[in-house]
Amino acid sequence: MEKILEIKDLTMIHGKNQQKAIALLEENKTNQEIFQATNCIVAVKHVSFYVLQGEIFVIMGLSGSGKSTLLKCINRLNHSSSGQIFVDGENILDYDKNKLRAYRHHKVGMVFQEFGLFDHRTVLENVTFGLEISHVPAKIRKEKAMNMLDFLGLKGWENQPVSQLSGGMKQRVGLARALVHDPEILLLDEPFSALDPLIRRQLQEELKRIHQQLKKTILFITHDINEAFYLGDHISIMKDGVMEQIGTPIQILQHPATDYVYRFCKDVNKLKIITAGHIMQNLAQTANTPKQWDKSQTVQQNQSLEEILLPLLQNHQQLLVANEKQERVGIIQKSDVLRLLAQ
């Protein structure tokens, strides 16, 4: 997979005396020292990472860690103090107003925690709003919006005021509004954090379905480590504006880079969050694969550790992993699972 987004040495500082703050940052002064000297807040500090096309990249951290500020830099809602942001090889920080407008309308879609919907508009009018300001003809924007509402299970609600919807349905409307432009990248700023646990889990599963079917690149912000591990192909853990560690869920779980990351990992529900796809060995790289397999020895790539544990304990030393097309893609060794659970 190719890089679709690359952040290089990005810093974001809130306050008027930014040049002095940047100079102090280069002297390795702490965030608190910089604040005391300049009254500036260092929200993001020398962040570099990349996102592969078609993956879910989760940025996780507690309140004040800089995760939402970073996401808004990618959409240029925040003005970065220094660094570069490349999308499809172009530095978006060099864009003029026209290029920035086109970037926001066609390249990225954003969904906010607080929904950001217009209460005086209907569901359909909310979803078509972006298309309307992009001067898409009324007939075409209605057709696109209705298709997206149908895809997200909102058909029949198009004429209802959003004020009458539940929180979960409002967030579906927000997703529909972001996706109706067919953006390459979807930016999600803690979209499920205000929802009840059951609705939250349903929308997490819905997001996985959307990702699987539409193949969008997704940047997802959360403060919940279990949500991060459940959704992310790669995860970044932030603290005080710095990325403490970037890796796959298994890499972070097995090899936490700092004590801060280790403390987060202690709260992970391994049985529910880790999937067969996370822990399998690639079939092409595995020697001595048995030629004959019965159905009881095969699990699905998206099944949780909790779901595959029983087959493993029923005298199987290894399990075959199949993808959604029922193609054999990997093998899980019982010894690897037991080692993971013991950590």
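The coordinates are above.
Residues numbered from 1 in each chain as written. Predicted model: local features only at pLDDT ≥ 70, side-chain atom pairs only at ≥ 80, totals over all residues. Heavy atoms only, no water.

Trainee: Go over the overall build of the chain with me, naming the residues and quoting the values.
Mentor: For the chain, the count of helices and strands is 15 helices and 14 strands. Taken along the three principal axes of its C-alpha coordinates, the chain extends 65 × 60 × 35 Å. Here the chain, with 343 residues, has 50% of them falling under the buried criterion. Restricting to contacts in the chain with at least 6 residues of sequence separation, those with at least 24 account for 67%. Carbon together with sulfur atoms contributes 47% to the accessible area of the chain, which is approximately 17,300 Å² in total. Positive and negative charge centroids in the chain, built from 40 and 38 side chains respectively, lie 1 Å apart. (Helix = DSSP H or I, 4+ residues; strand = E, 2+ residues; numbered from the N terminus. Buried < 20%, exposed > 50% of the residue type's maximum accessible area, 1.4 Å probe, protein only. Contact = heavy atoms within 4.5 Å. Areas by Shrake-Rupley, 256 points an atom, 1.4 Å probe, with all protein chains shown as cover. Lys, Arg positive; Asp, Glu negative; His and termini not counted. Charge placed at Lys NZ, Arg CZ, Asp CG, Glu CD.)

Trainee: Which residues make up the pairing of strand β6 (residues 108-111), and what values do they have?
Mentor: Residues in a regular strand project their side chains so that they alternate between the two faces of the sheet. With burial as the criterion, each face of β6 is covered, one bearing Val108 and Met110 and the other bearing Gly109 and Val111. Relative to strand β7 (residues 185-189), β6 runs parallel, the two sharing 4 bridges. Each bridged residue has a counterpart across the sheet, and for Val108 the counterpart in β7 is Ile185. (Pairing = 2+ DSSP bridges.)

Trainee: Give a detailed account of the packing of helix α7 (residues 167-179) against helix α8 (residues 197-214), specifying residues and quantitative values.
Mentor: Look at α7 against α8: their axes get within 11 Å of each other, and the N-to-C directions meet at 20°. Overall, the two elements α7 and α8 adopt an arrangement that is roughly parallel. Along this stretch, α7 crosses α8, giving a crossing that reads as right-handed. Residue-level contacts link Gly168, Gln171, Arg172, Leu175 and Leu179 of α7 to Ile199, Leu203, Glu206, Ile210 and Leu214 of α8. Looking at side-chain class alone, the contact of α7 with α8 contains 6 nonpolar, 2 polar and 2 charged residues. (Axes fitted to C-alpha atoms, helices over the stretch in contact; angles between N-to-C directions. Parallel < 35°, antiparallel > 145°, perpendicular 65-115°, else oblique. Left-handed = near helix turned anticlockwise from the far one by under 90°. Nonpolar A, V, L, I, M, F, W, Y, C, P; charged D, E, K, R; others polar.)

Trainee: Residue-level account of the packing of aromatic side chains, with values.
Mentor: Within the structure shown, the criterion is met by 5 aromatic pairs. The positively charged end of Lys3 is found above the aromatic ring belonging to Tyr50, 4.6 Å away from the centroid. One Lys or Arg, Arg209, reaches over the ring of Phe151 and ends 4.4 Å from the middle of that ring. (Phe/Tyr/Trp six-rings, centres within 6.5 Å; stacked < 30°, edge-to-face > 60°. Lys NZ or Arg CZ within 6 Å of the ring centre and 35° of its normal.)

Trainee: Provide a residue-level description of the pattern of salt bridges, including the pertinent values.
Mentor: One pass over the structure, following the stated rule, counts 14 salt bridges. Salt-bridge contacts for Glu190 lead to Lys67; the nearest nitrogen and oxygen are separated by 3.7 Å. One end of the pair, Glu190, is in the loop between β7 and α8; the other, Lys67, is in helix α3 (residues 67-74), and 123 residues separate them in sequence. Salt-bridge contacts for Glu132 lead to Arg121; the nearest nitrogen and oxygen are separated by 3.5 Å. (Salt bridge = Lys/Arg side-chain N within 4 Å of Asp/Glu carboxyl O.)

Trainee: So what's going on with the environment of Val87? Which residues, and what values?
Mentor: Within the element layout of this structure, Val87 appears in strand β4 (residues 82-87). A sequence separation of 13 residues divides Val87 from Ile74, and the C-alpha atoms of the two residues are 9.0 Å apart. Ignoring sequence-local partners within four residues, the contact set of Val87 consists of Ile4, Leu5, Ile92, Tyr103, Lys107 and Ile185.

Trainee: Pulling in residues and values, what's your account of the nonpolar core?
Mentor: Phe229, Ile237, Ile279 and Ile332 are the most contacted members of the largest nonpolar core, which has 63 residues in total. Here this core gets 6 residues from one element, more than from any other, and that element is α7. The residues touching Ile279, leaving out its near neighbours within four places in the chain, are Ile250, Ile274, Leu305, Ile308, Ile332, Val337 and Leu340. Within the second largest apolar cluster, 30 residues are counted, among which are Ala43, Val47, Met110 and Met243. (Core = buried A, V, L, I, M, F, W, Y, C linked by side-chain atoms within 4.5 Å.)

Trainee: So what's going on with a nonpolar patch on the surface? Residues and values would help.
Mentor: Judged by side-chain polarity, Leu271, Leu313, Leu338 and Leu341 come together as a nonpolar surface patch covering roughly 310 Å² of accessible area. Looking at where Leu271 falls in the secondary structure, it is placed in helix α12 (residues 270-273). On the basis of relative accessible area, Leu271 is assigned to the partly exposed category, the value being 30%. (Patch = residues over 30% accessible without salt bridge, like charges linked within 9 Å, V, L, I, M, F, W, Y side chains within 5 Å.)

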